[in-house]
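Below, each chain spelled out in residue letters.
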Amino acid sequence: MKIWVIKSKGADYWGNYRLSRETTIDDHGEEKTIYADLYFYRKKDAVLYLKATFGQAVEYYEVVGKA
């Protein structure tokens, strides 16, 4: 299955992709950190998200497919 991701132009490895998130949650009194990424199944959805979220900085990012 092919997925589509938004990355900064010139990024050449997974660690430099833009939409990585870090969230801290409370698990019964113990704080835990979760790492998550945003992926898209359709290119047009990724492009729409890019345009809606990044505004003027859209020229510095691109949508790429990963197998």
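What you see is a predicted model, and the numbers here were worked out from it, not measured in a lab. (Residues numbered from 1 in each chain as written. Predicted model: local features only at pLDDT ≥ 70, side-chain atom pairs only at ≥ 80, totals over all residues. Heavy atoms only, no water.)

Student: Which parts of the structure should I look at to understand the overall build of the protein chain?
Tutor: Helix and strand counts for the protein chain come out as one helix and four strands. The buried share of the protein chain, taken over its 67 residues, is 24%. Sequence-distant contacts in the protein chain: of pairs separated by 6 or more residues, those separated by 24 or more amount to 56%. Taken as a whole, the protein chain presents about 5,200 Å² of accessible surface, with 50% of it coming from carbon and sulfur. (Helix = DSSP H or I, 4+ residues; strand = E, 2+ residues; numbered from the N terminus. Buried < 20%, exposed > 50% of the residue type's maximum accessible area, 1.4 Å probe, protein only. Contact = heavy atoms within 4.5 Å. Areas by Shrake-Rupley, 256 points an atom, 1.4 Å probe, with all protein chains shown as cover.)

Student: When you look at the environment of Tyr35 in this model, what are you seeing that I'm missing?
Tutor: Secondary-structure assignment places Tyr35 in strand E3 (residues 30-37). We classify Tyr35 as exposed; its relative accessible area is 61%. It is 6.5 Å that separates the C-alpha atoms of Tyr35 and Thr23, two residues lying 12 residues apart in sequence. For Tyr35, the residues in contact, after removing those within four places along its chain, are Arg21 and Glu22.

Student: Help me out: how do you make sense of the nonpolar core in this one?
Tutor: One broad trend across soluble globular proteins is that nonpolar side chains are buried collectively. Membership of the largest hydrophobic core is limited to eight residues, which are Trp4, Ile6, Phe40, Ala46, Leu50, Phe54, Tyr61 and Val63. When contributions to this core are tallied by element, the ones reaching two or more residues are strand E1 (3-8), helix H1 (43-54) and strand E4 (61-66). (Core = buried A, V, L, I, M, F, W, Y, C linked by side-chain atoms within 4.5 Å.)

Student: For this particular structure, what's the right way to read the pattern of salt bridges?
Tutor: Opposite charge on two side chains allows them to pair when their charged atoms are near. In total, this model carries three salt bridges according to the counting rule given. Among the salt bridges present, the one from Glu62 reaches Lys7, with a minimum N-O distance of 2.8 Å. Separated by 55 residues along the polypeptide, Glu62 in strand E4 and Lys7 in strand E1 bring together distant segments of the chain. Lys7 sits in the buried class, given a relative accessible area of 8%. With its nearest N and O atoms 2.9 Å apart, the salt bridge here joins Arg42 to Asp45. Accessibility expressed as a relative area gives 44% for Arg42, which makes it partly exposed. Its relative accessible area of 27% is what places Asp45 among the partly exposed residues. (Salt bridge = Lys/Arg side-chain N within 4 Å of Asp/Glu carboxyl O.)

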